[in-house]
Amino acid sequence: MSTTPSGPNPVCEVGMKHPRDRHRMRPVDGVENVWFCSRHSMYAQLVDPETAEAVRRGDEWGHYEGIDGLVVRQGDERQGGQIVYFREK
Ligand SMILES: [Zn+2]
């Protein structure tokens, strides 16, 4: 991905389902286009749309090195990419 700023922090996936609990995720230090919610152990990653569309809930997610992930859902599109939410296995 490019090194341009990736926009506002995404809303946590848990908060998307519970409007009273909307909160944003925090960028992961030293990693571009990855965010984390420590309350819910939820990650979000901005990837290209082809990568995002190729996965479904429960699929393995290995695009963030060091984390064995499982896809939760797709999120917003931005800058020609798409957010994918995932959790550690
Ligand atoms: Zn959260």
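Placed above this text is the structure.
Per chain, residue numbering runs from 1 following the sequence as it is written. Residue-level local features of this predicted model are given only where pLDDT is at least 70; pairs of side-chain atoms are given and counted only at 80 or more, and the full residue set underlies all totals for whole chains, interfaces and linings.

Chemist: What am I meant to see in the overall build of the chain here?
Modeler: In this description a helix means any DSSP run of H or I spanning at least four residues, a strand means any run of E spanning at least two, and both kinds are numbered starting from the N terminus. Counting its secondary structure elements, the chain contains two helices and six strands. Listing the helices and strands of the chain from first to last along the sequence gives α-β-β-β-α-β-β-β. In terms of overall dimensions, the chain has C-alpha extents of about 35 × 30 × 20 Å along its principal axes. Placing C-beta atoms from the backbone, we regard two residues as in contact once those atoms come within 7 Å. Residue pairs in contact within the chain that sit at least 24 positions apart in sequence constitute 42% of those at least 6 positions apart.

Chemist: Is there a simple way to think about the sheet that holds strand β6 (residues 81-88) in this case?
Modeler: Strand pairing in a sheet is mediated by backbone hydrogen bonds. Such pairs are either parallel or antiparallel. The criterion for strand pairing is that DSSP finds at least two bridges linking the strands in question. Read from one edge to the other, the open sheet built from six strands follows the order β1-β2-β3-β6-β5-β4, with strand pairing classed as antiparallel. In this open sheet, the two strands that pair with only one neighbour each are β1 (26-27) and β4 (60-61). Direction of pairing for β4 relative to strand β5 (residues 69-78): antiparallel, over a ladder of two bridges. Bridge pairing links W61 to G69 in β5.

Chemist: Is there a simple way to think about the pairing of strand β3 (residues 42-47) in this case?
Modeler: Within a regular strand, the side chains alternate between the two sheet faces. Here the C-beta atoms are placed from the backbone, and a residue counts as buried if at least 20 other C-beta atoms lie within 10 Å of its own, exposed if 12 or fewer do, and partly exposed otherwise. With six of six residues buried, β3 lies mostly within the body of the structure. Burial along β3 is two-sided: M42, A44 and L46 and Y43, Q45 and V47, pointing in opposite directions, are all buried. Where strand β2 (residues 34-37) and β3 come together, four bridges link them in antiparallel fashion. Note that in β3 the partner of C37 across the bridge is M42. Counting the residues that bridge the hairpin from β2 to β3 gives four residues, and of these S41 lies at a positive phi of roughly 50°. Both β3 and β6 contribute to a ladder of six bridges, which runs antiparallel. Among the inter-strand pairings, A44 is bridged to a residue of β6, identified as Y85.

Chemist: Is there a simple way to explain the pairing of β2 in this structure?
Modeler: Side chains V34 and F36 project from β2 onto one buried face, and the interleaved W35 and C37 project onto a second face that is buried too. As paired strands, β1 and β2 are joined by two bridges and run antiparallel to one another. By the bridge assignment for β2, R26 is matched with F36. Between β1 and β2, which pair antiparallel in sequence order, lie six residues; one of them, G30, sits at a positive phi of approximately 80°.

Chemist: I keep staring at the nonpolar core and nothing clicks. Help me out?
Modeler: As a rule of thumb, soluble globular proteins bury nonpolar side chains together. By definition, a nonpolar core groups buried Ala, Val, Leu, Ile, Met, Phe, Trp, Tyr and Cys residues that are joined through C-beta atoms within 7 Å. In this structure, Y43 and Y85 are the most contacted members of the largest nonpolar core, which totals 18 residues. For this core, the secondary-structure elements that each account for two or more residues are β2, β3 and β6. In terms of residue count, the dominant contributor to this core is β3 (five residues).

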